[in-house]
2 protein chains.
Amino acid sequence: MVVENGTMSKPGFSYVITAQAATGRAHCARIETPHGIIETPNFIFCATHGAIKSATMEQMEAVGAQFLLGNTYHLWLQPGYEIVAKHGGLHRFIGWNGPLLTDSGGFQIFSLTYGRVVDEIKGKVHRSKFPKSLLSITEEGALFRSHIDGRQRWLTPEKSIEIQQGLGADFILPLDECAPSHFNKEKTAQSMYRSHRWETRSLQYFQEHFTDRQCMYGIVQGGEFLDLRRESIDFINQQPFFAQALGGSLGIEKAQMYELVDGIMQRLVSRPTHLLGIGGLRDILEGVQSGVDTFDCVHPTRIARHGCALIARPEAEYAKEHINLKNAVYREDQNPIETDCDCYTCRNFTRAYLHHLFKAHEGTGGLLLTIHNARFMMRWMAAIRQAIQLGQWEVFYRQHRRR
Amino acid sequence: MVVENGTMSKPGFSYVITAQAATGRAHCARIETPHGIIETPNFIFCATHGAIKSATMEQMEAVGAQFLLGNTYHLWLQPGYEIVAKHGGLHRFIGWNGPLLTDSGGFQIFSLTYGRVVDEIKGKVHRSKFPKSLLSITEEGALFRSHIDGRQRWLTPEKSIEIQQGLGADFILPLDECAPSHFNKEKTAQSMYRSHRWETRSLQYFQEHFTDRQCMYGIVQGGEFLDLRRESIDFINQQPFFAQALGGSLGIEKAQMYELVDGIMQRLVSRPTHLLGIGGLRDILEGVQSGVDTFDCVHPTRIARHGCALIARPEAEYAKEHINLKNAVYREDQNPIETDCDCYTCRNFTRAYLHHLFKAHEGTGGLLLTIHNARFMMRWMAAIRQAIQLGQWEVFYRQHRRR
């Protein structure tokens, strides 16, 4: 199957469904890029500043990672996209030769005013002499104060694309307004219409500054309101985006989110589809069932640095999907994190050793858990793909949903 | 040439000189252990808590590291040697299958009272509820307060060997008293005689609790006083140690240290010889010239975490042996740290990228510089060995000494 609706077709980019579940929309696909193939369903790791916190790109390749995400906001302010561009783009700069995605930079800026906490940034706010702040939002764009040098800067749809073209990731996102969950329907609708206008401007700038090395995602907005989401979907479906992402608030309750995502996926045309910022194991299961291709979340690499290892239930603590290796119960535990895991950490180290590293404040503990958690995610995605390919998705889905 | 003076010979351990400079005592040797060969001259990396800070053992193997050092003091208090022993020893616990050395634990304890700053520990003192402190030194041993749980503990020669046998490194050190540089000759002599008595007790305990998987180093004391050093050498030469280390104060001025080390090496019998805690590039050059086999220092891995990369002169800043990648001059520098370095970092990343990682407080910067600095040390040691093997040591020595 080939992409639809007048999508700009570029050499080296394609999207092909390779397997489909017997019922529902769960599927496997191959997204081809100039930097290699992404097999979906898959997970995108966050390289916020152009690095996976605590691990090298070589180690990410070794765990089977296929797709990374860099943050435009962070890379714009430090080191600046001009320096990245002089290196020949983000791939060369960060030493990752596989597929890359950059976001628009909007999420980080809007999350300041709207009070949505971007945990990954939180630490920086305290360190900075210049607290980040959004100064105003107009039809033109967003004016904010850099947390690095205190300078005022405009992020507009055109500026976002200019930066992302300088960064040169395979996939880029248009600027949208990230409306928070406490917006009522009217405000959410206004925000959505502005997002559509900004996405149109983003796309126009992108088309005027043609490159055959990048393709663009569209972003569906509309908050928790399915009728607004339908309007947004109809808009996105008609634009020549190569792919699409689900943005904005999807509700506070998990059940509500799963239902909303499913409703959205019913109506979207068949293009590579990314669920922004969502990546719990159960979330991924439900997302795949609804037809989503890719997921991203800082969770696996972030909890690694705090001593937590992803692990298959039922052993995981408190109905979570991980164990905390700092707990005294692991002090003498000579087992690997998971006996059936093939990662470097599980092949070589016991839980007692990892417990010890965190007790001794050794950074290598975070590195070893990052390797495990990244590998865990890759094994989870591979298991999902295999279930779909072998025609066993329905069984797999029901089995893991229950746990 | 085989080890002399009634050294306990154990299967799997040997020391063979493989090349000798035409003049002087510089030489290459092979130290055989049950966990592999150490080619000397070589550098020992510090795995204080059983981990190289910021890098995995796999990455240390990749740079060519052959020999690691674990600290008995740290591993005794956290996780405790009993847990390491239950794992089958330090090799298995830390995932390093090559040669390992542990120290006696004395250095860390004595450095408290005597005011010698052990930089590597300094950070921990601030974090701890229980400041480490040495409570008393008697003929029996040293009583101190653990910085982890506040408990009082005795470190005696016998206890040190018991712990080190539990840890199971290939090489272990006897307990000695580390006299500081401000001791006068009389106090240094008293301390040296006590060290000799403690070394004798250490050796006796070691022989009574026989293992054919470990060999012991003797430690030459005597501070800056060559006549005391000669007494200590005569004592060590007569004991059946497999190898020997130069401990205690070697003077404050570098020139004084080089002269003293040379004086000591003249008189010592031919055994594997380690220079404790010394590892600057020039120090290594002079030590090799005097006949030293191995060196250790936290410097290469510690400065890496602070943004500094070892580099061949003359580019190194301020007549130091490194550059500080946090300096603004590297902001747009598209060169690798060293163009002729074959490490992962130099093959894949520019100075501008590394500069960016430190500016963005990304821990991966420390990891990438640790890889480079460790590889730099391995290349430096290999260059020294090659010069000796090719009969070009005198030229190499004169050339690098001048710079």
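What counts and what doesn't
Residues numbered from 1 in each chain as written. Chains lettered and ligands numbered in written order. Predicted model: local features only at pLDDT ≥ 70, side-chain atom pairs only at ≥ 80, totals over all residues. Pairing = 2+ DSSP bridges. Helix = DSSP H or I, 4+ residues; strand = E, 2+ residues; numbered from the N terminus. Domains from an automatic or database assignment. Contact = placed C-beta atoms within 7 Å. Nonpolar A, V, L, I, M, F, W, Y, C, P; charged D, E, K, R; others polar. Least-squares fit on C-alpha atoms with pLDDT ≥ 70 in both. Buried ≥ 20, exposed ≤ 12 C-beta atoms within 10 Å, placed from the backbone. Core = buried A, V, L, I, M, F, W, Y, C linked by C-beta atoms within 7 Å. pLDDT = per-residue confidence, 0-100.

## Observations concerning the sheet that holds strand β14 (residues 294-296) of chain B
Residue and element names in this part refer to chain B. Taken in spatial order, the 8 strands of this closed barrel run β4-β5-β6-β10-β11-β12-β13-β14, and their pairing is parallel. Examined bridge by bridge, strand β12 (residues 243-246) and strand β13 (residues 273-275) share 3 bridges and lie parallel to one another. Note on β13: the bridge partner recorded for Leu-246 is Leu-275.

## A word on the domain arrangement of chain A
Residue and element names in this part refer to chain A. Considered domain by domain, chain A is made up of domain 1 (14-38 + 71-265) and domain 2 (41-67 + 298-386). Taken together, the contact pairs 15 residues of domain 1 with 13 residues of domain 2. It is helix α4 (residues 90-94) that contributes the most residues to the side of domain 1 that touches domain 2, 3 residues altogether. Residues that form the side of domain 1 that touches domain 2 fall into these classes: 9 nonpolar, 5 polar and 1 charged.

## Considerations on the relation of the copies chain B and chain A
Mapping chain B onto chain A leaves a residual RMSD of 0.0 Å; the transformation is a rotation of 180° accompanied by 0.0 Å of translation along its axis. Here the copies are linked by what is in effect a two-fold axis. With an isologous cut-off of 70% or more, the 100% of interface residues of chain B that recur at the interface of chain A puts this contact in the isologous class.

## Examining the interface of chain B and chain A
Taken together, the 34 residues of chain B in the interface contact 34 residues of chain A. Residue contributions to the side of chain B that touches chain A peak at 5 residues, all from helix α14 (residues 351-359) of chain B. Broken down by class, the residue content of the side of chain B that touches chain A amounts to 15 nonpolar, 12 polar and 7 charged.

## So, the pairing of strand β8 (residues 142-145) of chain A
All names here are of chain A. Of the two faces of β8, only the one carrying Ala-142 and Phe-144 is buried; Leu-143 and Arg-145 on the other face are not. Counted between consecutive antiparallel strands, the loop separating strand β7 (residues 133-137) from β8 contains 4 residues. Bridge count for β8 against strand β9 (residues 152-155) is 4 bridges, and the pairing is antiparallel. Directly across from Phe-144, in β9, lies its bridge partner Arg-153. Two successive antiparallel strands, β8 and β9, enclose a turn made up of 6 residues, where Gly-150 displays a positive phi of approximately 75°.

## A short note on the nonpolar core
Ranked by size, the top nonpolar core spans 234 residues in total, and within it A:Phe45, A:Leu68, A:Val261, B:Phe45, B:Leu68, B:Val261 and B:Ala374 carry the most contacts. When residues no more than four places from it in sequence are discounted, the contact partners of A:Val261 are A:Leu246, A:Leu250, A:Leu275, A:Gly287, A:Ser290 and A:Val292.

## A few points about the confidence of the model for chain A
Residues and elements named next belong to chain A. Of all residues in chain A, 90% attain a pLDDT of 70 or more, and the chain-wide mean is 91. The low-confidence segment residues 1-6, where pLDDT is below 50, has 12 contacts with residues more than four positions distant or belonging to other chains. Note on residues 115-128: pLDDT is under 50 here. Beyond four places in sequence and across chains, it has 15 contacts. With pTM at 0.93, the complex prediction returns an ipTM value of 0.92.

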